[in-house]
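In case you want the letters, here they are:
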Amino acid sequence: MRFRHPDGSIVHLSYCTNVHPAETLDGVRAQLRDHCEPVRRRLGRDRLGIGLWLAREAARVLINDPAELRALRAELDSRGLEVVTLNGFPYEGFGADEVKYRVYRPDWTEPERLAHTTDLARLLAALLPDDVTEGTISTLPLAWRTPYDTEPAAARTARAALTTLAQRLDALAELTGKSIRIGLEPEPGCTVETTADAIAPLTDVGHERIGICVDTCHLATSFEDPDTALDALTAAGIPVVKSQLSAALHAEHPHLPEVRTALAAFAEPRFLHQTRTRTAAGLRGTDDLDEAVAGGALPDSTPWRAHFHVPLHAPPAPPLTSTLPVLRTTLARLVGGPVPLTRHLEVETYTWQALPAELRPRTRTQLADGIAAELTLARDLLVDLGLKELP
C-alpha cells in the first residue's frame, strides 16, 4: 500500500510474510497464492506491499537461477503484490517447532550472515517495482549478547562485515541504479538491545546505507520512550531505514495472581518472549516469559512487558493489554512531521499461530481476515496523520 506524505514523498506500508514461514521457493510461491493475494483482495486493493522473508535455501535458488528470479518477479506483478522491503533477520528454520535462540544465528561475526544479506540485497534490487529506486532490509542487531559481549574480537569482526556490506551496496547501486539500505533491528537480549545501543556501532560503520530498523514492539518491551529514542538517532545522524509496526504484551499489575495466569497463557515453546520491567535501578529482564511468570526472576511491583507481537487490532483481554499507544506515538514521530523519518513501514505480527489456542486463527480465511484488519488499522493511523492513500 502506498501513501503520499504531505511533503510529496511516497510512504510504503506492507506486511511481513514471516507469518507464513517457508524455507523453499515453492513455499514462497504458495504464500503468495494462499495468503498474500487473499489479503490484498480483502482490502479491496489493486496493489499490496509485502515484506518478503526469503530463507537461505529460497534465496540461494533465486541467486543461482536468473530465470527463477524473473518468474518470481512476474508472479508478484500478476498477483498485485509489490516488494520494497525484506525481512533479513531470520536465516532459516523460522517455521520450526522450536525457534528460540536459533533465530540469532548466524550472527554478524559469521561469514554466512554477510553472504546471505548480500544475496538479499541483490535479490531486492531485482524485485523492486520499476518506479521504485530504494529498497530496505532489516537484519539481526549484530548478535545475541552471549558470547558476543565477552569476546574482544566480536565487535571488530561485526564492524568489518558491515563495512564490507556497505561497500557491496554502493557497488550494487552503481550497477543497478537501485539503492538498498540495511537496518539493524534492536531486540531485547541482543548486544544491541535498544536504539541507544545501536548508536555507537552504527557511528563506527559510518555509512548512509547502514542504519536502524525501529520495531515498535521491541522499543516498547525495553520501555524506551519513542521521542527520546528518535531524537537521539536524529542527533547522531543514524537513518531510520524502516520501521516494523508491532505491539508488545503489557501487564500493569504483574503481582496479581490473575495477571500471572493470563501471562502464562502466552508462554509457548516456539519463540523467545523476552520480558522486561523498569525499576529505579534500571531495566530488569528475563530471556523468556515462562521464567518471569514462574516468579522470583523479576520484581513485580512495576509493569511488565513481553516480546510477543500481539495483533495490532486485537489487544489481549483484561487484565492484559498491548503497547499499541507506543506504536501510535512512534508512528506520529516517524511520518507525522513535515518530512518522514522513514518511508518503509511493515506490520510484523508473526505470532498469530503462537497465540493462546482460543485466539489463534483456525483457517487461512481467518488468518487473512486478521492480517487485513491489522493493515486497515495501520492505514487509518497513517490517514489520520495526514497521509493520502494512493490507488
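Structure: see above.
Residues numbered from 1 in each chain as written. Predicted model: local features only at pLDDT ≥ 70, side-chain atom pairs only at ≥ 80, totals over all residues. Heavy atoms only, no water.

Peer 1: Which parts of the structure should I look at to understand the pattern of salt bridges?
Peer 2: A pair can form between side chains of opposite charge whenever their charged atoms are brought close. Tallying each qualifying case throughout the model produces 32 salt bridges. Among the ionic pairs, aspartate 77 bridges to arginine 73, the shortest N-O distance being 3.6 Å. Remark: arginine 73 and aspartate 77 occur in helix 3 (residues 66–78); sequence separation between them is four residues, near one turn of the helix. You can call arginine 73 buried: its relative accessible area is 17%. The partner of arginine 105 in a salt bridge is glutamate 110, with the nearest N and O atoms 2.7 Å apart. A single salt-bridge network, built from bridges that share partners, covers Asp26, Arg29, Glu37, Arg40, Arg41, Glu68, Glu75 and Arg79. (Salt bridge = Lys/Arg side-chain N within 4 Å of Asp/Glu carboxyl O. Helix = DSSP H or I, 4+ residues; strand = E, 2+ residues; numbered from the N terminus. Buried < 20%, exposed > 50% of the residue type's maximum accessible area, 1.4 Å probe, protein only.)

Peer 1: I tried to follow helix 1 (residues 25–43) on my own but got confused; where do I start?
Peer 2: In an α-helix, one full turn covers 3.6 residues, which means residues spaced three or four apart are oriented alike. Given a rise of 1.5 Å per residue, 19 residues ought to cover 27 Å, and the 26 Å separating the end C-alpha atoms of helix 1 matches this to within 8%. Across the 19 residues that make up helix 1, a large majority, 14, are buried. One or two positions beyond helix 1, positive phi appears at glycine 44, with a value near 70°. (Expected span 1.5 Å × (residues − 1).)

Peer 1: Please explain the sheet that holds strand 10 (residues 275–279) as it appears in this structure.
Peer 2: Neighbouring strands of a sheet are bound in pairs by backbone hydrogen bonds; such pairs are parallel or else antiparallel. With antiparallel pairing, the five strands of this open sheet are ordered in space as 11-10-12-9-13. Strands with a single pairing partner mark the edges of an open sheet, and in this sheet they are strand 11 (282–286) and strand 13 (320–322). Averaged over all adjacent pairs, the angle separating strand axes in this sheet is 30°, with direction ignored. Taken together, the three bridges between strand 9 (residues 247–251) and strand 13 define a ladder with antiparallel strand orientation. Bridging across to strand 13, histidine 250 finds its partner in threonine 321. (Pairing = 2+ DSSP bridges. Axes fitted to C-alpha atoms, helices over the stretch in contact; angles between N-to-C directions.)

Peer 1: Explain the packing of helix 3 against helix 4 (residues 111–127) to me, please; I cannot follow it from the model alone.
Peer 2: Each pair of packed helices can be summarised by the angle the axes make with each other and by the distance between the axes. Viewed as axis vectors pointing N to C, helix 3 and helix 4 meet at an angle of 50°, and their least axial separation amounts to 10 Å. It follows that helix 3 is oblique to helix 4 by the angle criterion. For the crossing formed where helix 3 meets helix 4, the hand is right-handed. Contacts between helix 3 and helix 4 pair Leu69, Leu72, Arg73 and Leu76 from the former with Leu123, Ala126 and Leu127 from the latter. (Parallel < 35°, antiparallel > 145°, perpendicular 65-115°, else oblique. Left-handed = near helix turned anticlockwise from the far one by under 90°. Contact = heavy atoms within 4.5 Å.)

Peer 1: Please explain the packing of helix 1 against helix 13 (residues 364–384) as it appears in this structure.
Peer 2: Where helix 1 contacts helix 13, the axes come no closer than 9 Å and their chain directions differ by 55°. Here helix 1 is positioned oblique relative to helix 13, judged by the angle of their axes. Our pair here, helix 1 against helix 13, has a crossing hand that is right-handed. Contact residues: Asp34, His35, Val39, Arg42 and Leu43 in helix 1; Arg364, Thr365, Leu367, Ala368, Asp369, Ile371, Ala372, Leu375 and Thr376 in helix 13.

Peer 1: What is the right way to read the nonpolar core from this model?
Peer 2: When a protein is soluble and globular, its nonpolar side chains tend to lie buried together. Ranked by size, the top nonpolar core spans 115 residues in total, and within it Leu13, Tyr15, Trp108 and Leu375 carry the most contacts. With nine residues, the single largest contributor to this core is helix 13. If we skip the residues at most four places from it in the chain, leucine 13 touches Met1, Phe3, Gly49, Leu245, Leu345, Val347, Leu375, Ala378, Arg379 and Leu382. (Core = buried A, V, L, I, M, F, W, Y, C linked by side-chain atoms within 4.5 Å.)

Peer 1: I would appreciate a short explanation of the packing of aromatic side chains in the present structure.
Peer 2: Under the defined criterion, the tally for this structure stands at eight aromatic pairs. Aromatic side chains phenylalanine 94 and phenylalanine 271 sit 5.2 Å apart centroid to centroid with 40° between the ring planes, which places their arrangement in the tilted category. Of this pair, phenylalanine 94 sits in the loop between strand 4 (81–87) and helix 4 while phenylalanine 271 sits in the loop between helix 10 (257–264) and strand 10, and the two are 177 residues apart along the sequence. For phenylalanine 271, a relative accessible area of 5% translates into the label buried. Between phenylalanine 94 and tyrosine 350, the ring centres sit 5.3 Å apart and the planes meet at 65°, which makes this aromatic pair edge-to-face. With a gap of 256 residues between them, phenylalanine 94 in the loop between strand 4 and helix 4 and tyrosine 350 in the loop between strand 14 (344–347) and helix 13 connect regions that are remote in the sequence. Residue phenylalanine 94 is classed as buried on the basis of its relative accessible area, which comes to 5%. One aromatic cluster is present, formed by Trp53, Phe94, Phe271 and Tyr350 through successive ring pairs. (Phe/Tyr/Trp six-rings, centres within 6.5 Å; stacked < 30°, edge-to-face > 60°.)

Peer 1: Explanation requested: the pairing of strand 3 (residues 48–52) in the structure shown.
Peer 2: For a regular strand, side-chain orientation follows a simple rule: the groups alternate between the two sheet faces. Within strand 3, five of the five residues are buried, leaving the element largely enclosed by the surrounding structure. Of the two faces of strand 3, the one lined by Leu48, Ile50 and Leu52 and the one lined by Gly49 and Gly51 are each fully buried. Two elements, strand 2 (residues 10–16) and strand 3, share three bridges in a ladder whose sense is parallel. From the neighbouring strand, serine 14 faces strand 3, where its bridge partner is glycine 49. The pairing of strand 3 with strand 4 spans four bridges and is parallel. Pairing of leucine 52 across the sheet is with leucine 86, part of strand 4.

Peer 1: Even after reading the chapter, I still don't get the pairing of strand 5 (residues 134–139), so can you show me in this structure?
Peer 2: Summarising burial for strand 5: six of the six residues are buried, a large majority. The alternating pattern of strand 5 places Glu134, Thr136 and Ser138 on one face and Gly135, Ile137 and Thr139 on the opposite face, and all of these are buried. Pairing analysis gives three bridges linking strand 4 to strand 5, with the strands arranged parallel. Considered in strand 5, the bridge of asparagine 87 is made with serine 138. Each parallel crossover has a hand, and for strand 4 linked through helix 4 to strand 5 it is right-handed. (Right-handed = clockwise from strand over helix to strand, strands pointing away.)

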